[in-house]
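Remarks on the overall topology
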Amino acid sequence: MTRVTQGDIDPEIVKALEAILLVAVEPVTVKLLAQVLEQPTATVEVLCNRLAAAYDEAGHGFALVSVAGGFRLQSRAEVSSYVERFILDGQQARISAAALETLAIIAYKQPISRTQISAIRGVDPESVLRTLQARGYITELERSDGPGLAVMYGTTPLFLERLGVNALENLPPISDFVPDANVVEALEAGLRVVPDTTP
Amino acid sequence: MTRVTQGDIDPEIVKALEAILLVAVEPVTVKLLAQVLEQPTATVEVLCNRLAAAYDEAGHGFALVSVAGGFRLQSRAEVSSYVERFILDGQQARISAAALETLAIIAYKQPISRTQISAIRGVDPESVLRTLQARGYITELERSDGPGLAVMYGTTPLFLERLGVNALENLPPISDFVPDANVVEALEAGLRVVPDTTP
Amino acid sequence: MTGLEPQSQVTRARSGTLVQMPYAVSTPVFEGPFDLLLHLILQQEVDIHEVSLSRIVEAYLVELDKMKSLDLEVATEFLLIAATLIDLKTRRLLPTVDDGDLDEELALWEERDILLARLLDCKTFKDVAAVMQHLIERAELSQPRLAGPDERFESLMPDMLEGVTPLRLQRAFLRATEPKAPVSIDLFHVAPIRASVADALEELLLSLPTSGPTSFRTIVQGITDRIEVVVRFLALLELFKQGRVELVQAERFGDIAVVWNADATFDDMGAIDNYDG
């Protein structure tokens, strides 16, 4: 990394930059990077370009590219055939009940954060979000200004397309919901004053 | 990347390996990598380890680690403060002491039933089990053959991932935790039947 | 009770603590009877020579009170352990008594060994849990790559939504958002429990001398709080140990006959008055 940090830049900043780019799921703007790294945007811009060049030169299987107004790591085009094979070999065809529930919550409540989903389902949706995002059914909506603010999720046009629906407004309404019998029964049993264990 | 491909390995394979690791969303087994790269598993194993060492040596902000039975790219711990600032939303809800103790029992005694856990802890673990299952740390294994067909619990790959451990065998041996002599003595003294007549 | 009343209660409960703390189901300082006993012994707050059983009981009651719920399993386990402790204590305080019944003696030893083994188990997994916590904290310093393949590979993704209709999606949403029936819901109406062995002793000392022969079930008749039953049982054991009452249980799980021992002296009464519940 010494080649990247020529001049007066702390090598720690380059390390941090690489770490952030690795964990980022969407392209990261130079502005946001500058904020997190506490560096001038010009410096960050230069660093990103140097890093991209260094990856190219070293012949890594990944590349740092400028896309959609930000920087992101992606696999290198020349080894795409391997990546394709990997995706096809590791695929899982059917959606799980948990994933469908999470997807439904996002569809009806978007924009919604991971914490909010977790509060509704009582389950941390992390791995499900990974899957749904990898399949392109959901996406991170634009983060509000500044680092550390909650990522909000929403559904994609692909999601609507696969569901055969024109627009979100055309999803079946959920306002007239009445709990069905077994739910009411379960709740009633829970509230019974005398437990069933009495002989 | 030349240092990684010393010997007769095609540099293209290392590139492909890096590209696959970059697009993977969970640890990739050496077996799957070998299949996609069309290389012997032994070769892939060596390659992964060399790649991990090369990343360490070059001082990258990311690392290749062996966790939960596979390899994955992750951000380096030493720049965690920057990464945390970048993804505040990703904070895990802390796990309670009760849940952690139950998880420890399951990790070391699996497959284990709810009744068996209850016998060890003196507390019905039902709600804790539900929490742990909801978070994906434990799963129901096959039912035991005995009467009543008790549900048996075991830990999941996600549990290993969260602990940063490669396999159950890599957890510290339980013998390391058997209370030492003075603790045993203190407990024994507390429960002694015959009054202490020694001076 | 109609179907709608409980639902409104549950909704209220959900908007309260349940939803806000989905993982904090129970985080008392002491998680169960072994945990508490382990703590008391290892802190050497209790020397079994002068064991203040009431202190263990009160400490446990305080924890139960904090939990704002009373678990039958917990109460039962606690009762068993308390009984064993009293038995051990009695045996220690009366070393010169000729141990006539060898079976009884062996049974007590066995009880005590089981208790010891369980305490050791408890300690072992407590320590393991601490190490696991450390591992988790260390692992959390590194975040995994989760971005997945970029859009160039989108067409390769199998359609997981095949067969998923808008109606199925709606049902999944309703399933996900429907009020869940928490197990502890039946405890919301329970008022905070106030119970101590000292109070129970006082009550028994007032009633037993004049009541004539009675039984445990009669004493706890009409009492619905399990902990109220527990403290009366412990108070009876205390009186038994002090020779104030005779206890006879004809069969396992049978009722316990309670007979006041009128021959006891007034000195003993003083001792009971000082019982530091």
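Given the structure is predicted, the values throughout are model-derived calculations rather than measurements.

Considering the overall build of chain C
A count of helices and strands for chain C gives ten helices and three strands. Going from the N terminus to the C terminus, chain C shows its helices and strands as α-α-α-α-α-α-α-β-α-α-β-β-α. Counting only residues that meet the buried cut, chain C has 43% of its 277 residues in that class. In chain C, the proportion of contacts linking residues at least 24 apart, taken out of those at least 6 apart, comes to 69%. Accessible area for chain C stands at about 14800 Å²; split by element, carbon and sulfur atoms hold 55% of it.

Focus on the packing of helix H1 (residues 11-23) of chain B against helix H2 (residues 30-37) of chain B
Residues and elements named next belong to chain B. H2 packs onto H1 with a crossing angle of 130 degrees between their chain directions and a minimal axis gap of 11 Å. Between H1 and H2, the crossing angle belongs to the class labelled oblique. Judged by the twist between their axes, the crossing of H1 over H2 is right-handed. Between H1 and H2, the residues in contact are Ile 13, Ala 16, Leu 17 and Ile 20 and Leu 33, Val 36 and Leu 37, respectively. In terms of residue class, the contact of H1 with H2 is made up of seven nonpolar, no polar and no charged.

Quick word on the packing of aromatic side chains
Taken as a whole and assessed by the stated rule, the structure comprises four aromatic pairs over all chains. An angle of 90 degrees between the planes, with centres 5.1 Å apart, marks the rings of Tyr55(A) and Phe62(A) as edge-to-face. Given the relative accessible area of 1%, Tyr55(A) is considered buried. Centroid distance Phe62(A) to Phe62(B): 5.6 Å. Interplanar angle 90 degrees. Geometry classified as edge-to-face. With one member in each of two chains, Phe62(A) in strand S1 (residues 62-67) and Phe62(B) in strand S1 (residues 62-67) form a pair that bridges those chains.

Considering the pattern of salt bridges
Applying the stated criterion across every chain, the model contains 20 salt bridges over all chains. We note a salt bridge from Arg114(B) to Asp124(B), for which the minimum N-O separation is 2.8 Å. Taken as a pair, Arg114(B) in helix H6 (residues 114-121) and Asp124(B) in the loop between H6 and helix H7 (126-134) lie far apart in primary sequence, ten residues in all. Linking Glu126(B) and Arg130(B) is a salt bridge whose minimum nitrogen-to-oxygen distance equals 3.1 Å. Taken as a pair, Glu126(B) and Arg130(B) lie in helix H7 at a separation of four residues, close to a single helical turn. Taking the relative accessible area as the measure of exposure, Glu126(B) reaches 27% and is therefore partly exposed. Residue classification places Arg130(B) among the partly exposed positions, given a relative accessible area of 42%. One continuous salt-bridge network, built from bridges that share partners, spans Arg114(A), Glu126(A), Arg130(A), Arg72(B), Glu161(B) and Arg162(B).

Quick word on the sheet that holds strand S5 (residues 152-155) of chain B
All names here are of chain B. Strand order in this open sheet of three strands is S3-S5-S4, and the pairing throughout is antiparallel. Of all the strands in the sheet, the pair left with one neighbour each is strand S3 (112-113) and strand S4 (138-141). Relative to S5, S4 runs antiparallel, the two sharing four bridges. Note on S5: the bridge partner recorded for Leu 141 is Met 152.

Structural notes on the confidence of the model for chain A
Any region with low pLDDT has predicted coordinates that should not be read closely. All names here are of chain A. In this model, chain A carries an average pLDDT of 81, and 78% of its residues clear a pLDDT of 70 or more. Mean pLDDT values for the elements of chain A range from 50 in helix H9 (residues 181-191) up to 95 in helix H1 (residues 11-23). This stretch, residues 190-199, has a pLDDT under 50; its non-local contacts, to residues over four places away or in other chains, come to eight contacts.

A look at the side chain of Ser142(C)
Secondary-structure assignment places Ser142(C) in the loop between helix H5 (102-139) and helix H6 (166-177). With relative accessibility at 9%, the residue Ser142(C) sits in the buried group. Beyond its immediate chain neighbours, meaning those up to four positions away, Ser142(C) contacts Arg72(B), Gln74(B), Ser75(B), Arg76(B) and Ala77(B).

Things to note about the side chain of Thr124(C)
Mapped onto the secondary structure, Thr124(C) falls in helix H5. In this structure Thr124(C) comes out as buried when scored by relative accessible area, which is 6%. Not counting the four nearest positions on each side in its chain, Thr124(C) is found in contact with Ile174(B), Phe177(B), Val178(B) and Pro179(B).

Topic: the sheet that holds strand S3 (residues 256-260) of chain C
All names here are of chain C. Spatially, three strands are ordered S1-S3-S2 in an open sheet, and the strand pairing comes out antiparallel. Of all the strands in the sheet, the pair left with one neighbour each is strand S1 (214-215) and strand S2 (245-249). When S2 meets S3, the two strands line up antiparallel, connected through five bridges. When the sheet's bridge partners are listed, Gln 249 is paired in S3 with Ile 256. Contacting S1, S2 and S3, helix H7 (residues 197-211) runs over the sheet at an angle of about 85 degrees to S3.

Scoring rules and cut-offs
- Residues numbered from 1 in each chain as written.
- Chains lettered and ligands numbered in written order.
- Predicted model: local features only at pLDDT ≥ 70, side-chain atom pairs only at ≥ 80, totals over all residues.
- Heavy atoms only, no water.
- Helix = DSSP H or I, 4+ residues; strand = E, 2+ residues; numbered from the N terminus.
- Buried < 20%, exposed > 50% of the residue type's maximum accessible area, 1.4 Å probe, protein only.
- Contact = heavy atoms within 4.5 Å.
- Areas by Shrake-Rupley, 256 points an atom, 1.4 Å probe, with all protein chains shown as cover.
- Axes fitted to C-alpha atoms, helices over the stretch in contact; angles between N-to-C directions.
- Parallel < 35°, antiparallel > 145°, perpendicular 65-115°, else oblique.
- Left-handed = near helix turned anticlockwise from the far one by under 90°.
- Nonpolar A, V, L, I, M, F, W, Y, C, P; charged D, E, K, R; others polar.
- Phe/Tyr/Trp six-rings, centres within 6.5 Å; stacked < 30°, edge-to-face > 60°.
- Salt bridge = Lys/Arg side-chain N within 4 Å of Asp/Glu carboxyl O.
- Pairing = 2+ DSSP bridges.
- pLDDT = per-residue confidence, 0-100.

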